[in-house]
Amino acid sequence: MAFAAAALACGPADGTRADALELLSAAGLARPFAAQLSIATKYRPCGDALPGAPPAAACAPPREPTERVLAAAERASAAAEAGADPAALHAAGLMDLLWGREGGNSLERSLSLLSAAARLSGRPAPALTDLSAARLLRAERNGSPRDLLEAYEAAAEALEHEPGLAPALFNRALALDRLGLADEAARAWEACARAAPGSRWAAEARRRARAAAELPPLPAPATAAQAESYAAADPQRALLLGMDRLLADWGRLHAAGDAAGAAAALERAGALGSALERRGRDASLARAVREVRAHAGRPRELRALARAHAAYGAARARYDAGDHPGAGPGFEQVAADTAASAPLRAWALLFRGTTRVYGGRRAEGERDVAAVAAAADTLRTPALAGRARWALGTTHLRVGRYEAALLEYRAAEALLERAGEREHLGAVRYLQGETRFALGDAEGGYDAMLRAAWTLRPFRGSVWLHNLITVMADAAAADGLPRAALRLQDADVAAAARTGRPMYAAEARLARAAVRAAGGDAAGAAADLDAAAPAVEGMPPGPAAWFRARLRVGRAAAAARTDPARSAAALDSAVEFFAPLGNAAHLVRALVGRADARLALGDEEGAAADLDRATARLAELGEGVQGAAARGALLDAARAVFDRMVMLRARQGRAAEALQVLERGRASLAAAPRPAGIAPPADGETALEYALVGDTLLTWTVSGRGVRMARAVVRRDSLRATVERARSALEAGNARAARAPLAALYDRLVRPVQAQLGGEGSAVVVVADGEVGAAPFAALLDTARGRYLVEAHALRFAPSLRDAARRPSRPPAGLRALVVADPAFDPAAWPGLRRLDGAAAEADAVAALYPGAVLLAGAAADRAAVERTLSRAQVVHYAGHALIDDARPGASALVLAPPAGAGTGRLAAAELGRLRWGGVRLVVLSACRTLRAGGGRSGGFAGLSGALLAAGAGGVVGSTGQVNDATTRALMTAFHRAWLRSGDGPGALRQAQLELLRSPDPALRSPAAWGTFRYAGS
């Protein structure tokens, strides 16, 4: 086993992995995990595929597995399917990771198995290390930056359990490297090399550390020849050097009577301008120099032009130092100075606009910037035009006009790329990421951030790199990745220090203090606040006011428990400062901090007022965002604020008000305006809504009898493990192993409120998310009565009470049905998938119930045929493969036959909303894991089901786990028969489940055959 560990961790990729696994195979499954996988054992490191892009795996494929390896894989899978044994889960996940084919679902299965193994194991470090490797591999295949952060998180957690674990060190370093964080990666690679100094693996780490070393800065040009190469290598700095410094130097020296010095400065500026213009870059500098030379015979006009350039240079220096109020008068003067040249006035007008925005004169500033954007020559002066569009985008972003901001940033990106301004290009890419995060599009946000990080990688001292890392750290924290968030904040502190500007160093310290405080590191937070304070006090008046307010928020948060009165008083002024600025993030932080302090003082009403104000602001932002998924992600990012308010109202015993706050924080799929109160569900149903806040489980029942609430303390990790055991046992078909966790879940989730759920056979609508939403509710076992929950109630699921309204009616005769059966997918695209023998028979049986049904089977079930038929369908039944991406729900997809031309036949969740679903009353997804419970307050309706409901489908039937196509046929045909009689989706599904439960066939009676299916919608 020792050799196996060494072979997996340190050996080269060509063969030693198979040797190691043969040793593991010979040892059996008793202790299969003395080894952990480094991503280096999946592919030999090959360097970067493209300059300036994340590394890609383009290496020799692994050797085919031997018979002994295959035998071990079979035993591992069999043991995993028999129940939730951590060792078996880990073994099966490792085999999938090592030998799974690209393009199939083996990697997804590996992630699921390794995640479960890490949660359930008493020694989680090995499984966490392998999980990190799987995340890195998926990041390679799918280009998902969030996977890189999750890979870092898993590796860092593994090292907390077992410090010095070499493969975890490698994976952690590789995640940082592929995130574009060169300095952090270099330090992490050095740590890898120290862990095993004599190995080839350590040599690889040292090579990567050298590759991540800082690039030498490009020296400023002193001659015309140097100007040519400087303009070619860095057009952005060449333009700034000429416009902001050299022409300003010319102006000052000319005014001082130093003709020789002025001539030299003008000559250098002219050389840079000419070089830029010849290369098709921005011609502003060349034009400005020509204007100066054109005035050579007119001394008075030349002096006025010199004063204008000197004033502009001084204002730009103040602006770059963060002193926007101090810079403003200079820009005002030059923008209005008719003696200034046209290019100089255009740049001055641009910066006059931005300083006006910073100074609170938003409308005036926006008009200035818009005027520059409208007048700028996009071919001759792309840098000026790009900076103007960039400024417009940021103006929109800061007031919540996110879609408008994205349009401007995209235009700026194209212009700045034409200008060759790589650092500014990285800036607008990072801003696109920030905007997408604000929209709730985490996937798009991370993608933009990764592109920006690699664009900015050579600019180690860039303020934009500091800003980018700050935003990415915030996103990681919001995504529940605290270790990655803290490491990013460490990287930000270093990046901000490299800018050489105390303001940014203080900003990074303040941000890290907040992360440290949230993680319980009070001493670390205090140290960062103390380090930031002197820089804040030394700032110019404009930025000083902003940063003093942020410093007060940080100090107040640290003192909230020890000196709440002082904390509340300090936050009064912070709230007053941030409120008129339109910056929701800082205002909400200040309000939440003051609410904490007021709670500590016993002022519950004051705390409630602050939290009400914070939640209202967040909900207001959410309602203004287009798209249900985007609203859900935006509100989920602020979940902690809503949860605090929910807990406050719950402690006060105000059940209905607590539920109203919870509902305000949920993303609805409905298009109607949000109701003012909580209305009971229609048709005599009882609503059952859950919220797990920390280790407190809150359960509401809502009916015509009113709103009731129950509170219980549960261990979140224990609940998660119980759900995992139940799910794994059901997927394995092991009803005996599922019995205990299903009974435990009933006792925790249902028994405390069962008296409020109505009589026998009554309907219950469930609103739940996260760990609770993942529970297989239909199969929860009431041991006192010896029956499953579905035997007592018809169940349906909704993302919020707002979506719980029902419109069931008996289906009319002649319903038009579209039935899709076992699409003949391209095996080269999906080598890990197999054809479903039972799907065709299931589809035939379903189609027979709908006269005139369109049946698309095999090769005929391609995307074009589905889209063409969908517009006329009222019922859609899909029996095939679904690929689920929990990290990127929009990428979840239904697999179809490939089109006649090119493509894979993939129909992604993000594309479903663009199809015509408004006339579809029912969608049945007879596939694995098509109704997943997410971790957010959107009730878990992400991916396929959420996209369908948001697009107008009346109801969706799907499964929360893996299903057997042989037993699913009986359930599906029984469901359709019942639905055609009543039109009641939840009731029809219950009737079908009861039919199987009473079957003489033991396989159909098992909850594994029917327990993971649920109905969502109306």
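Residues numbered from 1 in each chain as written. Predicted model: local features only at pLDDT ≥ 70, side-chain atom pairs only at ≥ 80, totals over all residues. Heavy atoms only, no water.

1. What to know about the overall build of the chain
Right, on to step 1. The helix and strand tally for the chain stands at 45 helices and 16 strands.
Right, on to step 2. For the chain, with 1018 residues in total, the buried portion stands at 58%.
Right, on to step 3. The contacts of the chain with a sequence gap of at least 6 include a subset with a gap of at least 24, amounting to 67%.
Right, on to step 4. Accessible surface, the chain as shown: approximately 38,200 Å² in total, 53% of it carbon and sulfur. (Helix = DSSP H or I, 4+ residues; strand = E, 2+ residues; numbered from the N terminus. Buried < 20%, exposed > 50% of the residue type's maximum accessible area, 1.4 Å probe, protein only. Contact = heavy atoms within 4.5 Å. Areas by Shrake-Rupley, 256 points an atom, 1.4 Å probe, with all protein chains shown as cover.)

2. Observations concerning the environment of Tyr-850
Right, on to step 1. When you line up the elements, Tyr-850 lands in the loop between α38 (837–847) and β9 (854–857).
Right, on to step 2. Note: C-alpha distance between Tyr-850 and Arg-816 (34 residues apart in sequence) is 7.2 Å.
Right, on to step 3. Within polar-contact distance, the side chain of Tyr-850 engages the side chain of His-976 at 2.8 Å. (Polar contact = N/O pair within 3.5 Å; in protein donor to acceptor, adjacent residues only side chain to side chain.)

3. Here we look at the pattern of salt bridges
Right, on to step 1. Overall, the coordinates contain 63 salt bridges when judged by the stated rule.
Right, on to step 2. A salt bridge links Arg-187 to Glu-184; the shortest N-O distance between them is 2.3 Å. Of this pair, Arg-187 and Glu-184 both sit in helix α9 (residues 182–195), 3 residues apart, which is roughly one turn of the helix.
Right, on to step 3. By relative accessible area, Glu-184 is classed as buried at 5%.
Right, on to step 4. In this structure, Glu-605 engages Arg-654 in a salt bridge whose closest nitrogen and oxygen atoms are separated by 3.2 Å. Taken as a pair, Glu-605 in helix α30 (residues 604–623) and Arg-654 in the loop between α32 (639–651) and α33 (655–664) lie far apart in primary sequence, 49 residues in all.
Right, on to step 5. Since its relative accessible area comes to 25%, Arg-654 is described here as partly exposed.
Right, on to step 6. Salt bridges sharing common partners tie together Glu-332, Arg-352, Arg-356, Arg-361, Glu-364 and Asp-368. (Salt bridge = Lys/Arg side-chain N within 4 Å of Asp/Glu carboxyl O.)

4. Things to note about the sheet that holds strand β11 (residues 882–883)
Whether parallel or antiparallel, the strands of a sheet pair through hydrogen bonds between backbone atoms.
Right, on to step 1. Read from one edge to the other, the open sheet built from 3 strands follows the order β11-β12-β13, with strand pairing classed as antiparallel. At either margin of the open sheet sits one strand with a lone partner, and together these are β11 and β13 (906–908).
Right, on to step 2. Strand direction decides the pairing type here: β11 and strand β12 (residues 893–895), joined by 2 bridges, are antiparallel. Note on β12: the bridge partner recorded for Ala-882 is Leu-894. (Pairing = 2+ DSSP bridges.)

5. Let's talk about the confidence of the model for the chain
Right, on to step 1. Averaged over all residues, the pLDDT of the chain equals 80, while 81% of them reach at least 70.
Right, on to step 2. Contacts for the low-pLDDT stretch residues 628–634, under 50 throughout, to residues beyond four places or in other chains number 23 contacts.
Right, on to step 3. Long-range and interchain partners of residues 671–676, a stretch whose pLDDT sits below 50, account for 10 contacts in this model, where long-range means more than four residues apart. (pLDDT = per-residue confidence, 0-100.)

6. Points about the packing of helix α6 (residues 125–142) against helix α7 (residues 145–161)
Right, on to step 1. As a packed pair, α6 and α7 sit with axes 8 Å apart at the nearest point and diverge in direction by 165°. Here α6 is positioned roughly antiparallel relative to α7, judged by the angle of their axes. At the point where α6 passes α7, the crossing takes the left-handed sense. Across from Ala-125, Leu-128, Thr-129, Leu-131, Ser-132, Arg-135, Leu-136, Arg-138 and Ala-139 in α6, the residues of α7 making contact are Asp-147, Leu-148, Glu-150, Ala-151, Ala-154, Ala-155, Glu-157, Ala-158 and His-161. (Axes fitted to C-alpha atoms, helices over the stretch in contact; angles between N-to-C directions. Parallel < 35°, antiparallel > 145°, perpendicular 65-115°, else oblique. Left-handed = near helix turned anticlockwise from the far one by under 90°.)

7. Observations concerning the pairing of strand β2 (residues 696–703)
Right, on to step 1. Of all 8 residues making up β2, 8 are buried, and the element is well covered by its neighbours.
Right, on to step 2. With burial as the criterion, each face of β2 is covered, one bearing Thr-696, Leu-698, Trp-700 and Val-702 and the other bearing Leu-697, Thr-699, Thr-701 and Ser-703.
Right, on to step 3. For strand β1 (residues 686–693) and β2, the ladder comprises 7 bridges, and the chain directions are antiparallel. Directly across from Ala-691, in β2, lies its bridge partner Leu-698.
Right, on to step 4. Between β1 and β2, which pair antiparallel one after the other, the connecting turn spans 2 residues, and Gly-694 there sits at a positive phi close to 60°.
Right, on to step 5. As paired strands, β2 and strand β3 (residues 706–713) are joined by 8 bridges and run antiparallel to one another. When the sheet's bridge partners are listed, Thr-699 is paired in β3 with Ala-710.

8. Points about unusual backbone geometry
Right, on to step 1. At Asp-822, a position not held by glycine, the phi torsion is positive, near 35°.
Right, on to step 2. Within the fold, Asp-822 resides in the loop between β8 (817–821) and α38.

9. Comments concerning helix α8 (residues 166–178)
It helps to recall that an α-helix has 3.6 residues per turn; residues three or four apart then point in one direction.
Right, on to step 1. Spanning 13 residues, α8 covers 19 Å between terminal C-alpha atoms, matching the ideal 18 Å at 1.5 Å per step.
Right, on to step 2. Counting buried positions along α8 gives 13 out of 13 residues, so the element sits mostly inside the fold.
Right, on to step 3. Positive phi shows up at Gly-180, right after α8, with a value of about 85°. (Expected span 1.5 Å × (residues − 1).)

10. Some details on the nonpolar core
Right, on to step 1. Counting residues in hydrophobic clusters, the biggest one holds 75 residues, and the most contacted among them are Leu-149, Trp-189, Trp-390, Leu-468, Ile-469 and Leu-488.
Right, on to step 2. Residues contacting Leu-488, with those up to four places away along its chain left out, are Leu-149, Leu-181, Ile-469, Met-472, Ala-473 and Ala-476.
Right, on to step 3. Val-723, Leu-815, Ala-843 and Ala-978 belong to the second largest nonpolar core, which has 63 residues in total. (Core = buried A, V, L, I, M, F, W, Y, C linked by side-chain atoms within 4.5 Å.)

11. Points about the packing of aromatic side chains
Right, on to step 1. Tallied over the full model, the rule gives 12 aromatic pairs.
Right, on to step 2. With 5.0 Å between their ring centres and 85° between their planes, Phe-437 and Tyr-446 make a pair best called edge-to-face.
Right, on to step 3. Given a relative accessible area of 17%, Phe-437 falls into the buried group.
Right, on to step 4. Measuring from ring centre to ring centre gives 5.8 Å for Phe-777 and Phe-797, while their planes differ by 65°; the resulting arrangement is edge-to-face. Placement of Phe-777 in the loop between α36 (770–773) and β5 (781–782) and of Phe-797 in strand β7 (residues 794–797) is noted, with a sequence separation of 20 residues between them. In this structure, Phe-777 and Phe-797 share a single accessibility class: buried.
Right, on to step 5. Connected via pairs of aromatic rings, a cluster forms that spans Tyr-312, Tyr-319, Phe-331, Trp-347, Phe-351 and Tyr-358.
Right, on to step 6. Here the basic side chain of Arg-316 rests over the ring of Phe-351, its NZ or CZ set 4.3 Å away from the ring centre.
Right, on to step 7. Sitting over the ring of Phe-797, Arg-1014 keeps its end group 3.9 Å from the ring centre. (Phe/Tyr/Trp six-rings, centres within 6.5 Å; stacked < 30°, edge-to-face > 60°. Lys NZ or Arg CZ within 6 Å of the ring centre and 35° of its normal.)

12. A few points about helix α21 (residues 422–439)
Right, on to step 1. The end-to-end C-alpha separation of α21 is 26 Å, in line with the 26 Å expected for 18 residues at 1.5 Å each.
Right, on to step 2. Of all the 18 residues making up α21, 16 are buried; the element is thus mostly covered by neighbouring parts of the structure.

13. Overview of the packing of helix α19 (residues 382–398) against α21
Right, on to step 1. At a minimum axis separation of 11 Å, α19 and α21 run at an interaxial angle of 25°. The orientation of α19 with respect to α21, classified from their angle, is roughly parallel. α21 is crossed by α19, and the crossing has left-handed handedness. Across from Arg-387, Trp-390, Thr-394, Leu-397 and Arg-398 in α19, the residues of α21 making contact are His-424, Ala-427, Val-428, Leu-431, Glu-434 and Thr-435.

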